[in-house]
Structure formats: C-alpha cells, structure tokens
Amino acid sequence: MAAACSRSLCKVGRSFLETPATARSGTASFLLGNAATHSSRRGFSSGGPGFRSRLVSSVRAGGGRVLGCAFLLGGGLGLYQTLKFSLQQHLAQEDSKVSGGSPKMTLYQYKTCPFCSKVRAFLDFYGLPYEIVEVNPVMRQEIKWSSYRKVPILMVDAELQLNDSSVIISSIRTLMISKEKSLSDIIRCYPEMKAVNDRGKEVTEYNNKYWLMLSEAQNADVYPAKGMQKEEMKWRQWADDWLVHLISPNVYRTTGEALASFDYIVREGKFGTVEGFFAKYVGAAAMFIISKRLKNRHNLQDDVRQDLYKAVNDWVAAIGKNRKFMGGDQPNLADLAVFGVLRVMEGLQAFDDMMENTKVKHWYRRMERATLNHEGRS
C-alpha cells in the first residue's frame, strides 16, 4: 500500500510538470485552496484569507512547477523507504532461514564446567545462535532469580528455563526435528524428580533425558541403522556417569596441577580480584584434597591417568576404525557430549598427557573442526 501511495504522488508530480501553466494553475488553486481551508478549520493556518490568496497567486505565477517537484520528491522518498523496509524484511527472513528459525537462547554457565561445555559443543555444532552469561561461581548473582542453583541453565526467548545439560540438548534437538511441537510441550516429557543419593543428599534428576521425543517416522530418519539410538543413549549416559568424574581427579592430581588448573579457572571465569586470589590458592589446595576423596569414591587407580586413558581408548574403540564419528560421517549427540567433557582440560597437563598416550587425537581434531565450522547446520 505504501508503494502504491508513493507511485500516486509521483504521478501527481509528473502531471504538474507536464501540463500547461494555465491548466496547472487551476489545479493548484483547487489543491491549495482546499488545503488551506482544512488548515484553517484545524487551527493550523495563521495567515488568514490574504495569505491563502497570495499563495495561490504565487503558484499561478509558476510555483506549480515547484509543487510538482515536491510531489515527485515526496513520492521518491516514499518509494525509498518502502524498498528499504522490504529489504530489511528480506534479510531478516534470510537470517531466520540460516539459523533454522531458532529461538533466542541465553546460556548461563561456568566456562570450565564440563556440563556447560557439552551444551556449547551442541549449540556450536548445529550453528544455533546463543548468548553467554558467565556466572560468578562464588556469589552466583547472575542466577539469583532461579530456584535451580546449578549450571548450565538455558533460557529460551526469556521465558522458558531449561535445566540439566542432557535435558537441554535433548529438548533443543527434538525441537529442531519436530517442528510441529512447541518447546513447552517437549519440556514436559522430561519431568523433574527429587531423590536422595547414597550420601543422603537431595538431588534433582530428570526422567527420559537421553531420549529424543520423536514420531516413529522421525526416529527412523534420525537413526536409520539398527542399534544407533541405543548406542547414542548409552554413551551419552556414560559421559555423564563416568567420564565426567575422571576430570577433577586428573586436573587436580598434584599440587602443581591443581594450582595450574585454578589459575586457568580464575583466568577464564568471572571472579573479582580478591575472589580470584582466594580461589586460586585456597581453591587449589581444597580441590587437591577433594580429588583424593573423589578417587576413592569412584574406585579409581592410584595413578588416575590410567583410568582416563582407559576410558578414552574405550570410547575410540566403540567408534571403531570404519567410522569418523560414533554418528558415522557426522557427530551424533554422544560425540558432542564426550567432546564437550574432554575439552575442559585443554591447556592443562592432563589434556596433553591424554592426547599423547591415547588414540583419541584424530577423532578429537575432527570434532574441533566440526563444532568450529558449525557443520551440523546443513
């Protein structure tokens, strides 16, 4: 409609420029007379009848050409604004197509947390845009609005809150495939459950968190080969229940490694000056002691590196020699989970030792490229 109005203005302007002066003066008198009449009714005119007659006289003397130019200019500006708006809409639609029409997502995280790293690996691989809010691990003011006091937390469109890394990944992946479902409906498939663990501490768990909530046809499309779904779920759970518990005992294995680890945590995390100082030295000492307890709790060997090497080689053996990833030619959710957990050790001695003493290097480098290049976007 705006474009049509603009074209009409241009036609009026051309008619003023092309018609003879005698005919134009009558038209101009009519238009300006009406305009002035309406203006006086609304209280905008300050010149009275004398002003109106002088204006009409000036138009008759040749001002019609000026008026025609004004109409052309107005029409041209209108067309420009219309085209500009249309272009903006088109670019917005293209951006939406590129991102898959994904909702706005904000990830509340600790950068060095393996569970948060899992979520980032997933979002990065699929090229899903998201914002990061780094949470201060001491005060946690950034998530004071949440009754759930752990990270990661994913806020979707500033309304829906998703907790637990595996629930976040399963929910968003389901939404990407089952476009007919709303995220609110999908989240209900992962009900929260309170329980008491073997140490008497209340914990929150989520049912079905390794399942994608798909139709039979969608499930067959995502998992075309027999056993693919079961294998993916098994290793996703393995990453949460076993692999992640090998990280702390290895990165805090010695006092030197503990100090280096906390230096990295403070550098990458969100700490104040005083908090950073205490976190680095007091935290390193505390975690060195706690890592020994973790070793006993999970029945690890005296040399915890051997447990890490074995776990990583078990993972590589499960992929086999004929697959680039557990998902085949492209990573699946198990690949992304294992990669996310291992990635938090980068820059530390434990990571260098793992890359040197296991067979994981080639797979790991392929995963780096896949997430960095957003290869799952296509």
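Before any of the text, the structure's been laid out above.
We now turn to the structure provided with this report. (Residues numbered from 1 in each chain as written. Predicted model: local features only at pLDDT ≥ 70, side-chain atom pairs only at ≥ 80, totals over all residues. Heavy atoms only, no water.)

1. Details of the side chain of Asn197
So, point 1. Assignment of secondary structure puts Asn197 in the loop between β5 (192–196) and β6 (202–206).
So, point 2. Of note is the side chain of Asn197, whose polar atom sits 3.0 Å from the backbone nitrogen of Arg199.
So, point 3. Here the side chain of Asn197 touches Lys201 through a polar contact of 2.8 Å, landing on its backbone nitrogen. (Helix = DSSP H or I, 4+ residues; strand = E, 2+ residues; numbered from the N terminus. Polar contact = N/O pair within 3.5 Å; in protein donor to acceptor, adjacent residues only side chain to side chain.)

2. Considerations on the nonpolar core
Nonpolar side chains tend to gather and get buried jointly when the protein is soluble and globular.
So, point 1. Counting residues in each nonpolar core, the largest one holds 79 residues, and the members touching the most others are Phe122, Ile172, Trp315, Leu342, Met345, Met354 and Trp363.
So, point 2. Here the element with the most residues in this core is helix α13 (residues 333–343); it accounts for eight residues. (Core = buried A, V, L, I, M, F, W, Y, C linked by side-chain atoms within 4.5 Å. Buried < 20%, exposed > 50% of the residue type's maximum accessible area, 1.4 Å probe, protein only.)

3. Here we look at helix α14 (residues 349–357)
So, point 1. Taken together, the buried positions of α14 are Ala350, Phe351, Asp353, Met354 and Met355.
So, point 2. Among the structural elements, α9 (247–251), α10 (255–268), α12 (304–319), α13 and α15 (361–372) are those in contact with the buried residues of α14. (Contact = heavy atoms within 4.5 Å.)

4. Digging into the packing of α13 against α15
So, point 1. Between α13 and α15, whose axes approach to 11 Å, the crossing angle comes to 100°. Of the possible angle classes, the one that applies to α13 and α15 is roughly perpendicular. Contact residues: α13 offers Asp335, Leu336, Val338, Phe339, Leu342 and Arg343, while α15 offers Trp363, Tyr364, Met367, Glu368 and Thr371.
So, point 2. For the contact of α13 with α15, the residue count by class is seven nonpolar, one polar and three charged. (Axes fitted to C-alpha atoms, helices over the stretch in contact; angles between N-to-C directions. Parallel < 35°, antiparallel > 145°, perpendicular 65-115°, else oblique. Nonpolar A, V, L, I, M, F, W, Y, C, P; charged D, E, K, R; others polar.)

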